[in-house]
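Reading the structure
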Amino acid sequence: MIEIQNISKSFEDKQIIHNISGIFEKGKTNLIIGASGTGKSVLLKSIVGLIQPDTGTVFYDGRNFTDADKEMKAEIRREIGMLFQGGALFDSKSVEQNVMFPLNILTKMSPTEKIDRVNFCLKRVGLENVNNKMPSEISGGMKKRVGIARAIVNNPNYLFCDEPNSGLDPQTSILIDELIKEITDDFEITTIVVTHDMNSVMGIGEKILFLFQGQKLWEGSKEEIMYSGVEELDNFVFTNKVMQSLKKK
Amino acid sequence: MKGFGRYMIFLGSLVVRRESLGTYYKLVLEECILVGVKSLFLFALVSTFIGAVTTVQTAYNLVSPLVPNYIISNVVREMTILELAPTIMALIFAGKVGSSMSGNLGTMRITEQIDALEVMGINATSYLVLPKIIASILMYPMLVIFSGACALGGGYLVGTLTGIISPTDYIYGLRYAFNEYTVTFALTKALVFGFLISSISCFKGYYTKGGAFEVGVASTEAVTTSVMAVLIADYLLAQLLL
Ligand SMILES: Nc1ncnc2c1ncn2[C@@H]1O[C@H](COP(=O)(O)OP(=O)(O)OP(=O)(O)O)[C@@H](O)[C@H]1O
Ligand SMILES: [Mg+2]
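Residues numbered from 1 in each chain as written. Chains lettered and ligands numbered in written order. Predicted model: local features only at pLDDT ≥ 70, side-chain atom pairs only at ≥ 80, totals over all residues. Heavy atoms only, no water.

1. A closer look at the pattern of salt bridges
Pairs may arise between side chains of opposite charge once their charged atoms sit close together. Within this structure, the stated rule accounts for 18 salt bridges over all chains. In this structure, the salt-bridge partner of A:Arg124 is A:Glu182, at a minimum N-O distance of 3.3 Å. With A:Arg124 in helix α4 (residues 111–124) and A:Glu182 in helix α6 (residues 170–187), this pair connects stretches of sequence that are 58 residues apart. Close ionic contact of B:Glu83 with B:Lys189 constitutes a salt bridge, the shortest N to O distance being 3.3 Å. Here B:Glu83, found in helix α4 (residues 70–110), pairs with B:Lys189, found in helix α8 (residues 181–206); they are 106 residues apart in sequence, far enough to count as distant. (Salt bridge = Lys/Arg side-chain N within 4 Å of Asp/Glu carboxyl O. Helix = DSSP H or I, 4+ residues; strand = E, 2+ residues; numbered from the N terminus.)

2. Details of the site of ligand 1
Residue and element names in this part refer to chain A. In the vicinity of ligand 1 lie 14 residues, with Ser36, Gly37, Lys40, Ser41 and Glu163 positioned nearest. Between glycine 37 and ligand 1, the recorded distance is 2.8 Å, taken from a backbone N or O atom to an oxygen atom. For ligand 1, an oxygen atom lies 3.4 Å from a polar atom in the side chain of histidine 196. Its free accessible area being 630 Å², ligand 1 has 65% of it covered by the protein chains. Those elements giving two or more residues to the shell around ligand 1 turn out to be β2 (14–24) and α1 (40–48). Residue contributions to the shell around ligand 1 peak at three residues, all from α1. Along the lines of polarity and charge, the residues of the shell around ligand 1 split into four nonpolar, seven polar and three charged. (Near = heavy atom within 4 Å. Polar contact = N/O pair within 3.5 Å; in protein donor to acceptor, adjacent residues only side chain to side chain. Areas by Shrake-Rupley, 256 points an atom, 1.4 Å probe, with all protein chains shown as cover. Nonpolar A, V, L, I, M, F, W, Y, C, P; charged D, E, K, R; others polar.)

3. Overview of the packing of aromatic side chains
The way to describe two aromatic rings as a pair is by their centre distance and the angle between their planes. Summed over the entire model, instances satisfying the criterion amount to 19 aromatic pairs over all chains. Where B:Phe10 meets B:Tyr206, the ring centres are 5.8 Å apart and the plane angle is 50 degrees; that geometry is what we call tilted. Of the two residues, B:Phe10 sits in helix α1 (residues 2–14) while B:Tyr206 sits in helix α8, which places them 196 residues apart along the sequence. Given the relative accessible area of 0%, B:Phe10 is considered buried. Centroid distance B:Phe43 to B:Phe93: 6.3 Å. Interplanar angle 85 degrees. Geometry classified as edge-to-face. Remark: B:Phe93 occurs in helix α4 and B:Phe43 occurs in helix α3 (residues 40–61); sequence separation between them is 50 residues. Take B:Phe43: its relative accessible area is 0%, and that puts it in the buried class. According to the relative accessible area criterion, B:Phe93 is buried, its value standing at 0%. Through successive ring pairs, a cluster of aromatic residues spans B:Phe4, B:Tyr7, B:Phe10, B:Phe203, B:Tyr206 and B:Tyr207. For A:Arg150, the ring lying beneath its charged end belongs to A:Phe90, and the centroid distance is 4.7 Å. The cationic tip of B:Arg109 hangs over the ring face of B:Tyr206; the distance from NZ or CZ to the ring centre is 4.8 Å. (Phe/Tyr/Trp six-rings, centres within 6.5 Å; stacked < 30°, edge-to-face > 60°. Buried < 20%, exposed > 50% of the residue type's maximum accessible area, 1.4 Å probe, protein only. Lys NZ or Arg CZ within 6 Å of the ring centre and 35° of its normal.)

Right under this line is the structure:
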């Protein structure tokens, strides 16, 4: 479980995130949704500590991450896996080296243990026989999968995904979403997914936090999202025709 | 001025929270190959030609029966050691190695690879940048020695093949009135330039924001700024040490 309290962040004199609090539950896929430019990525980066928030505190299972000392931070970081918007694979390293990288840095496993673990994770995301390919030689969807494999290789307790299916076709998007959901269920981890894709919301949104211009306007589940009564959320949800026709019923 | 302050902070962040020494050893080795070994061809080519051309032009300017022939190679030696090898080559080094360092880091920044390292708890500055700077400080002086040798060799080849100067005169000129301090001076310059070029280029690349266009801008700025820094440092060092 991850809890955030009163997170705010400004860049120069423009406030991007306004005093957001919330709880992201363990074993669930927690979604942060909102239109482009509302600060979803900034919020996610504040939670993992890539951005230092101006105010507010982040707790990982009760452990204060924001004010933690070096050792504590390192310990929590070891339990974090993150998938970036573009995959963020190291392009000078092969697929196998990419996935193995966190193990090299964070663990003292033997080479054979590492290889086994890497192959297990690659298989888990449905990739085989690509170990020696370079990131430039594989497709966008495959990069995302390699990114997921790298994020889960060190058995994280917390998984963060920034727009896991941006730039993918609808079918592949669903596969990636389901993969994230399965991994969350299998390993009982706390997963936070940033997305603006309504398909993902209706597919895997167990707990949803809606951001609008840097403020949290609503939270709930995918079952409740149609009946929120929040105008901004309705505008976001019912943008496409199919959803609009659903609303009329 | 604000940029200079940020550069100093950047340098400070290099030395905190380091990974294990073993990790660095491997990274530095890889960088040495990139920075040093892969520059050999270009350095050999450029310095041999500059050495050859300097010889021909010095000879052209010294047509006087009063000046002995060995003065030609003597002048070539002084120019090579004091300026051509350490300084002119630094400009080439900035163009080749500096721009590639900056482009490399800039791309890693905009594709979030640097964020990915940070999430894993790695101090990306010291992990990515420190090996590059150490490799440059180690390799650039060696490249300077190498280009010095190439330049003198190029001068020898052209000078003797075209009959401007006899082999004995050329060698005599090289050894005539030799002051070892010029070599110390050249290597001191090489150390400083190696550090300046790599750290400035990494700094420019590391803080790239935006997209592919900005990566290109950062690389250009990296070369411009390091060339200016090299020229200013060249002047200051000459004032201080000569
Ligand atoms: N490092 C930064 N410096 C200054 N402004 C920033 C920085 N990062 C983000 N912003 C600003 O914060 C705002 C929110 O950006 P953010 O990337 O969080 O949007 P987002 O909700 O993730 O959008 P998208 O769905 O397009 O990814 C934008 O207006 C952006 O310009
Ligand atoms: Mg974003």
